[in-house]
Amino acid sequence: MMQLTASQIRQDLNCFGGFGQQGYGYNVAALHKEIGNIMGLDRHMPMVLIGAGNLGRTIARHMDFDSSGFRLIGIFDNSVHIVGQTIRDLVVRDAAELEDFCRAHTPRAAVLCIPKEVAFETTQRLMELGVNCFWNFSHYDLSLDFEGVIVENVHLGDSLMTLSYQINEAYPKTENQK
């Protein structure tokens, strides 16, 4: 399906160690487990979510953090309408409690579902508390201002444009379409 040869796959896997047996191939269950270990899926790194608006609530409710290497331990927001709500068995805490919570629970990672305008200040605050790994939905590139940050920037608009491009390639415009 990926148009790769068996040799290419074996060479790629060899970069991480020897998993197969010559002449026998791979034990699929063991290989699956080992790839998960390489990716850190077994770590369950403590993570907080900042911003429990529509996007933050959706991510908190529907992401399987545990199978992705994380454990969601806290959710924070600054809206009086959201603080106190329960999402995924976690009570949304006031963002003012972030320092005390981080000192007590030492999260290493954070999901940022906050406006771009507060991303710098929030990241700086989290970095001072020992959080330096971010899943960032804020539309602010953290790596520009924070050295040593580990970040995965998620730009939903870019993804939507990619889909538009793929559709345009698959179904070219006809003369009667504008």
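Nothing here was measured: the structure is a model prediction, and the numbers come from that model.

Points about helix α4 (residues 98-105)
Regarding α4, the residues found buried are Leu98, Phe101 and Cys102. Along the long axis of α4, the arc covered by the buried residues comes to 95°, so they all point the same way. With respect to the buried face of α4, the exposed residues turned more than 90 degrees away are Asp100, Arg103 and Ala104. On its buried side, α4 packs onto β1 (45-50), β2 (70-77), β4 (90-94) and α5 (116-128). With its phi angle positive at about 40°, Thr106 sits one or two positions after the end of α4.

Concerning the pattern of salt bridges
Summed over all chains, the structure comprises three salt bridges. Residue Glu97 is joined to Arg93 by a salt bridge in which the shortest nitrogen-to-oxygen separation is 3.6 Å. Given the relative accessible area of 36%, Glu97 is considered partly exposed. You can call Arg93 partly exposed: its relative accessible area is 33%. Note that Asp100 is salt-bridged to Arg103, the shortest N-O span being 3.9 Å. Of this pair, Asp100 and Arg103 are both found in helix α4, three residues apart, which corresponds to roughly one turn of the helix.

Focus on the environment of Asp141
Looking at the secondary structure, you find Asp141 in the loop between β6 (133-136) and β7 (150-153). Relative accessible area serves as the criterion here: at 30%, Asp141 is assigned to the partly exposed category. Spatially, the C-alpha atom of Asp141 lies 8.6 Å from that of Val151, the residues being ten residues apart in sequence. Within the structure, the side chain of Asp141 is placed 2.7 Å from the side chain of Ser143, a separation counted as a polar contact.

Quick look at the state of the cysteines
Applying the stated criterion to the full structure yields zero disulfides. No disulfide involves Cys113; its sulfur sits 16 Å from the nearest other cysteine sulfur, which is in Cys102. For Cys113, a relative accessible area of 14% gives the class buried. No disulfide involves Cys133; its nearest neighbouring cysteine sulfur is the one of Cys102, lying 13 Å away. Residue classification places Cys133 among the buried positions, given a relative accessible area of 12%.

With respect to the side chain of Asp77
Looking at where Asp77 falls in the secondary structure, it is placed in strand β2. Although buried, Asp77 forms no salt bridge, and the nearest oppositely charged side chain, Arg57, lies 6.8 Å from it. Among the polar contacts made by the side chain of Asp77, one reaches the main-chain amide nitrogen of Ser79 at a distance of 2.8 Å.

So, the domain arrangement of the protein chain
Domains assigned within the protein chain are domain 1 (6-39) and domain 2 (45-158). Measuring from the centre of the C-alpha atoms in domain 1 to the corresponding centre in domain 2 gives 34 Å.

Re the UniProt feature "domain: CoA-binding" (unreviewed entry) in the protein chain
UniProt annotation of "domain: CoA-binding" (unreviewed entry) refers to residues 40-141 when read in the numbering used here. Helix makes up 29% of residues 40-141 and strand makes up 28%, while its end C-alpha atoms are separated by 24 Å.

Digging into the side chain of Ser138
Note that Ser138 resides in the loop between β6 and β7. Overall, the relative accessible area of 1% leaves Ser138 in the buried class. A distance of 2.6 Å separates the side chain of Ser138 from the side chain of Asn136, its partner in a polar contact. Contact partners of Ser138, with chain neighbours within four places excluded, come to Leu112, Ile114, Pro115, Lys116 and Ala119.

Criteria and thresholds
Numbers given to residues run from 1 along each chain, matching the order in which its sequence is written. In keeping with the predicted nature of the model, local features appear solely for residues at pLDDT of at least 70, side-chain atom pairs appear and are counted solely at 80 or more, and the whole-chain, interface and lining totals rest on all residues. Calculation of side-chain values draws on the structure's entire complement of heavy atoms; hydrogens and water are dropped beforehand. Three exposure classes are used, based on accessible area relative to the maximum for each residue type with a 1.4 Å probe and protein chains only: buried under 20%, partly exposed in between, and exposed over 50%. Secondary structure elements follow DSSP: runs of H or I no shorter than four residues count as helices, runs of E no shorter than two count as strands, and numbering proceeds from the N terminus. The arc in question is traced by the directions running from the helix axis to the C-beta atoms. We call two residues in contact when some of their heavy atoms are within 4.5 Å. Definition used for salt bridges: Asp or Glu carboxyl oxygen within 4 Å of a side-chain nitrogen of Lys or Arg. Any N or O atom pair separated by 3.5 Å or less is treated as a polar contact, with the protein-specific requirement of one donor-capable and one acceptor-capable atom, and with residues adjacent in sequence counted only for side-chain atom pairs. Note on terminology: disulfide denotes any pair of cysteine sulfur atoms within 2.5 Å. This count recognises Lys and Arg as positive and Asp and Glu as negative, with His and chain-terminal groups excluded. These domain limits were set by an automatic method or by a database of domain assignments. UniProt positions are given in the numbering used here, feature names are shortened, and annotations may be inferred rather than shown by experiment.

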